[in-house]
Amino acid sequence: MRPSGRVSRGLLTGSRAAGARVLNVLDELKMKMLHFRGTVAPPPNRQMNNQRAALARVLNVLDELKMKIPLFGGTFDPPHNGHMNNLRAALALVRPDKAVVMPAGVPPHKAASATPGAVRLAMCACFAAASPVVEISDWELCRPGPSYTVDTLEMLAGRYPGADLYLAVGGDMLLSVTHWRRWQEILQRCTLVVESRAPGQDGALRQAARRLTETAGGRVLFAGAVSYPCASSDLRSGRIPRSRWPALLPEPVLRIIEEQGLYRPANAPQPGKEEAP
C-alpha cells in the first residue's frame, strides 16, 4: 500500500515498511552468498533460480518505492465540481505520493483565457480539499508562449527523477491524443489516466486505448468516473444560470468569482459598484 502523505513523507517515513522489506531481502541475499561460498554449494540450476527469485523481489520492492505523480491540468476557468470529481477519481486509482494540479498558461488548442492567470491559480486552491498530496503549480502560467503537455511532463521528469508520471485526461482527450504535439513522447513519459467518460463512450475509448498500446506502447488506465453535467464554458457564457452555481462550484471558487466580478455580461454592474445615473 502506498503512503498517503505528502512527498516529504512519501519517501522518508511513508515508505518505512517497503524499506524494511528491502533490508530483509538484502539480508536473505547475503545469507545465500555465504551459503554459496560453503563447501557444499547448491546445484547450478537451483542456485541460479534462487538468485533470480531474490533479485526479482528486490526489484519489486524498489518499484514500490518509486514516487507516483499524476498531472491534472486544464484551463480551470472556472474549476467546478466536475473537475473535483475527476481529480478524486484519478487519485483513488493511482494512489499517488504527490498530485500536481496545473492551470494552463496559453492552451495551444483554444483561445487564451480572458481570466487572469493569478485569479485562476487562486481558484485552483480549491483542489487541495481533494487530498493532502495535491500541490497547485503555476509553472505553465509563468512560462511565455503556448503550454504544451509534453513540456510540462519533461519538467516533472527532471524535477522528480525516476518517478512514475501519470496524465489525467477526459474521454474526449483520449480520442484526440494522437493530434497532440510530440504525442509519442507523451506516451513514453507517462501513463494516461482516463478520469471520466460520457455515457456510450466505453467502446470507442477501449478501442483507442488498445490502438495506443499496440502502435505506440502507450499505457492507459480507466478511473471509471461518470462525466459530470457541467462545463466551464457553459458557466462563463451564462448557459448555466448563476442561480445554479452554488450547487456546481466549490464554495471558495464561488467566493472569488463574486469578489472579482467574473463572468458577468459586459453591461452588468460590477459587485460593490453603483450604476451610473
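If you're wondering where the values come from, they're calculated on a predicted model, not measured in any experiment.

Before going further, it helps to spend a moment on the pairing of strand β2 (residues 99-103). For β2, a buried count of five out of five residues is recorded, marking the element as mostly surrounded by other parts of the structure. The alternating pattern of β2 places Ala-99, Val-101 and Pro-103 and Val-100 and Met-102 on opposite faces, both of which are buried. Both strand β1 (residues 68-74) and β2 contribute to a ladder of four bridges, which runs parallel. Of the residues in β2, the one forming a bridge with Leu-71 is Val-100.

Time to look at the pattern of salt bridges. All chains considered together, the criterion is met by nine salt bridges. One salt bridge connects Arg-182 with Asp-151, and the closest N-O pair in it is separated by 3.7 Å. You can see Arg-182 sitting in the loop between α7 (171-176) and α8 (183-189) and its partner Asp-151 sitting in helix α6 (residues 149-159), a full 31 residues away along the chain. Note on Asp-151: relative accessible area 16%, which makes it buried. In this structure, Glu-185 engages Arg-182 in a salt bridge whose closest nitrogen and oxygen atoms are separated by 3.0 Å. A relative accessible area of 35% means that Arg-182 is categorised as partly exposed. Linked by salt bridges that have partners in common, Asp-151, Arg-182, Glu-185 and Arg-189 make up one network.

Below, the discussion takes up the side chain of Ser-232. Structurally, Ser-232 is set in helix α10 (residues 232-237). You can call Ser-232 buried: its relative accessible area is 12%. With residues up to four places along the chain from it excluded, the contact list for Ser-232 reads Asp-77, Pro-78, His-80 and His-83.

Moving on, we get to the pairing of strand β5 (residues 190-197). Buried residues dominate β5, accounting for eight of its eight residues. Relative to β5, strand β4 (residues 164-170) runs parallel, the two being bridged by six bridges. Paired with Gly-170 across the strands is Ser-196, a residue of β5. Traced from β5 through helix α9 (residues 202-216) to strand β6 (residues 220-226), the parallel crossover comes out right-handed.

Rules and cut-offs
Residues numbered from 1 in each chain as written. Predicted model: local features only at pLDDT ≥ 70, side-chain atom pairs only at ≥ 80, totals over all residues. Heavy atoms only, no water. Buried < 20%, exposed > 50% of the residue type's maximum accessible area, 1.4 Å probe, protein only. Helix = DSSP H or I, 4+ residues; strand = E, 2+ residues; numbered from the N terminus. Pairing = 2+ DSSP bridges. Salt bridge = Lys/Arg side-chain N within 4 Å of Asp/Glu carboxyl O. Contact = heavy atoms within 4.5 Å. Right-handed = clockwise from strand over helix to strand, strands pointing away.

Distances and angles like these do not, on their own, reveal function.
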